[in-house]
Amino acid sequence: MKQHTLSQLIKDQNEKKAVALATDIDIGLQTLVYDNTAIGPDENNEEIQQIARQAMRDDRCKIYEIGGRRIFIEVFNPSLRMLIVGAVHIAQPLSRMASVAGYDVTVIDPRASFATDERFPGITLNGEWPDDGMRDLDPDRRTAIVTLTHDPKLDDPGIEVALKSDAFYIGALGSRKTHAARVERLTAAGFSETEIARIHAPVGLSIGSVSPAEIAVSILAQVTDVLHRKADTEAIV
Amino acid sequence: MVDRNVASGLSQDDDVMNQAAAWCKAGKNVALATVISTWGSSPRPVGSHLAVDQDGKIVGSVSGGCIEGAVVTEAMEVMKTGNPKVLEYGVTNELAWEVGLACGGSIHVYVEKIE
């Protein structure tokens, strides 16, 4: 790898710019492929670029046979994101654990006494009302959304925007009873059964969690499960 | 067993790329190893990185620790020749049997010099 290729990869990662590195693994030629352009020896090879762009959409690194050559396509997408509604106690360990697991975490809560840097050191805070905050952050298929306020006034607007997005995971804190009431409200708001079924509630895997940190573990475990099972299913198709 | 060629954890390897770049800047010879395919129960997904400098310092990993030593030896060779190499480790490979992928999977690792 050329030093300037490495520097460019690092620069792109810092700027959260998606890029794929196409390497001819027999001779070492390397081309950087972006959404609209490419730089390197294969910058005019349409087939490689097409495959690399699809790999970026699929978030998948793989070796391909292209024109009799073995090309390894390595995808460098920006980090996965986790948007947490509610700067509550559980959000404190969850935001930290998710950061360690590689997520770019934002906690959304308009209540200034909850969403403080003292409670969330190093975590991005968004003080908008959850629907506005969520809309601004524009969740995509590489985003997980977790609502934790336990207050329909705050959780519901966030969930409604989440349900209209491609977020790969939507989880909502609350008991079965709380969720049943939530389902009624969302149905009344015009969401279909299939749409509402995207919500994981009660949130997290059932592992007997008691403390906020343990609940955070169960949530992060479920997010991980959904992320990789989804990818595996897509791989089989 | 499903191949886990998911790139979701790549940001975790930021520190490997940054360290590799820092070594280069300090004038060291550096090689980068990348997992390019896996089969069975390999501990690290495709896209995992390990960087090695000329003094044998390493950052990152390409397995749970089972083949790192062998990869570092190959990386030193690649640093000298400048020619990239594809290494294979797995249950069917006699050498790999010696260095041992205890997990019973197999992986291909691409090793290249950063120049």
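Residues numbered from 1 in each chain as written. Chains lettered and ligands numbered in written order. Predicted model: local features only at pLDDT ≥ 70, side-chain atom pairs only at ≥ 80, totals over all residues. Heavy atoms only, no water.

### As for the overall build of chain B
For chain B, the helix and strand inventory stands at three helices and five strands. Moving toward the C terminus, one meets the helices and strands of chain B in the order α-β-β-β-α-β-α-β. The buried share of chain B, reckoned over its 115 residues, is 50%. Considering only contacts within chain B whose residues lie at least 6 apart along the sequence, 56% involve residues at least 24 apart. A total accessible area of about 5000 Å² is found for chain B, and carbon and sulfur atoms account for 50% of it. (Helix = DSSP H or I, 4+ residues; strand = E, 2+ residues; numbered from the N terminus. Buried < 20%, exposed > 50% of the residue type's maximum accessible area, 1.4 Å probe, protein only. Contact = heavy atoms within 4.5 Å. Areas by Shrake-Rupley, 256 points an atom, 1.4 Å probe, with all protein chains shown as cover.)

### Things to note about the interface of chain A and chain B
Contact with chain A, which involves 32 residues of that partner, is made by 31 residues of chain B. Interface area lost by chain A to chain B is led by A:Met1, A:Gln3 and A:Leu6, which between them contribute 21%. At the boundary of chain A and chain B, one finds zero salt bridges. Connecting chain A to chain B are six residue pairs in polar contact (both at pLDDT 80 or more). At the level of secondary structure, the elements contributing two or more residues to the side of chain A that touches chain B comprise α1 (3-14), β1 (19-24), β4 (62-66), β5 (69-76) and α8 (212-236) of chain A. Looking at the side of chain A that touches chain B, its residues break down into 16 nonpolar, eight polar and eight charged. (Buried area = accessible area lost by both parts, 1.4 Å probe. Salt bridge = Lys/Arg side-chain N within 4 Å of Asp/Glu carboxyl O. Polar contact = N/O pair within 3.5 Å; in protein donor to acceptor, adjacent residues only side chain to side chain. Nonpolar A, V, L, I, M, F, W, Y, C, P; charged D, E, K, R; others polar.)

### Comments concerning the side chain of B:Ser37
By secondary structure assignment, the location of B:Ser37 is in strand β1 (residues 30-39). One polar contact links B:Ser37 to B:His108, side chain to side chain, over a distance of 2.9 Å.

### Observations regarding the packing of aromatic side chains
When we look at a pair of aromatic rings, we describe it by the centre distance and by the angle of the planes. Residues and elements named next belong to chain A. In total, this model carries zero aromatic pairs over all chains according to the counting rule given. Between the NZ or CZ atom of Lys17 and the centre of the ring of Tyr34, over which it lies, the distance is 4.7 Å. The side chain of Arg111 reaches across the aromatic face of Phe114, ending 4.0 Å from its centre. (Phe/Tyr/Trp six-rings, centres within 6.5 Å; stacked < 30°, edge-to-face > 60°. Lys NZ or Arg CZ within 6 Å of the ring centre and 35° of its normal.)

### Examining the domain arrangement of chain A
Residue and element names in this part refer to chain A. What the domain assignment lists for chain A is domain 1 (3-76) and domain 2 (80-232). Centre-to-centre, using C-alpha coordinates, domain 1 lies 33 Å away from domain 2. Contacts between domain 1 and domain 2 engage six residues on the former and four residues on the latter. Carbon and sulfur atoms supply 15% of the area buried between domain 1 and domain 2, which totals about 310 Å² over both sides. In terms of surface lost to domain 2, no three residues of domain 1 exceed Arg57, Asp59 and Arg60, which account for 78% of the buried area on that side. There are two salt bridges connecting domain 1 and domain 2. Close ionic contact of Asp104 with Lys16 constitutes a salt bridge, the shortest N to O distance being 2.9 Å. Classifying every residue of the side of domain 1 that touches domain 2 gives one nonpolar, no polar and five charged. (Domains from an automatic or database assignment.)

### As for the pairing of β1(A)
All names here are of chain A. The buried fraction of β1 amounts to six of the six residues, a majority that puts the element mostly inside the structure. Along β1, one buried face is formed by Val19, Leu21 and Thr23 and the opposite face, lined by Ala20, Ala22 and Asp24, is buried too. Relative to β5, β1 is paired through six bridges, and the arrangement is antiparallel. Each residue of the ladder has a partner; that of Ala20, found in β5, is Val75. (Pairing = 2+ DSSP bridges.)

### Quick word on the sheet that holds strand β2 (residues 30-33) of chain A
Residues and elements named next belong to chain A. One open sheet holds the five strands; their spatial order is β3-β2-β1-β5-β4, and the pairing between them is antiparallel. With one partner strand each, in any of the chains shown, β3 (38-39) and β4 form the two edges of the open sheet. Contacting β1, β2 and β5, α1 runs over the sheet at an angle of about 155° to β1. Sheet contacts for helix α2 (residues 46-58): β1, β2, β3, β4 and β5; angle to β5, the most-contacted strand, approximately 35°. (Axes fitted to C-alpha atoms, helices over the stretch in contact; angles between N-to-C directions.)

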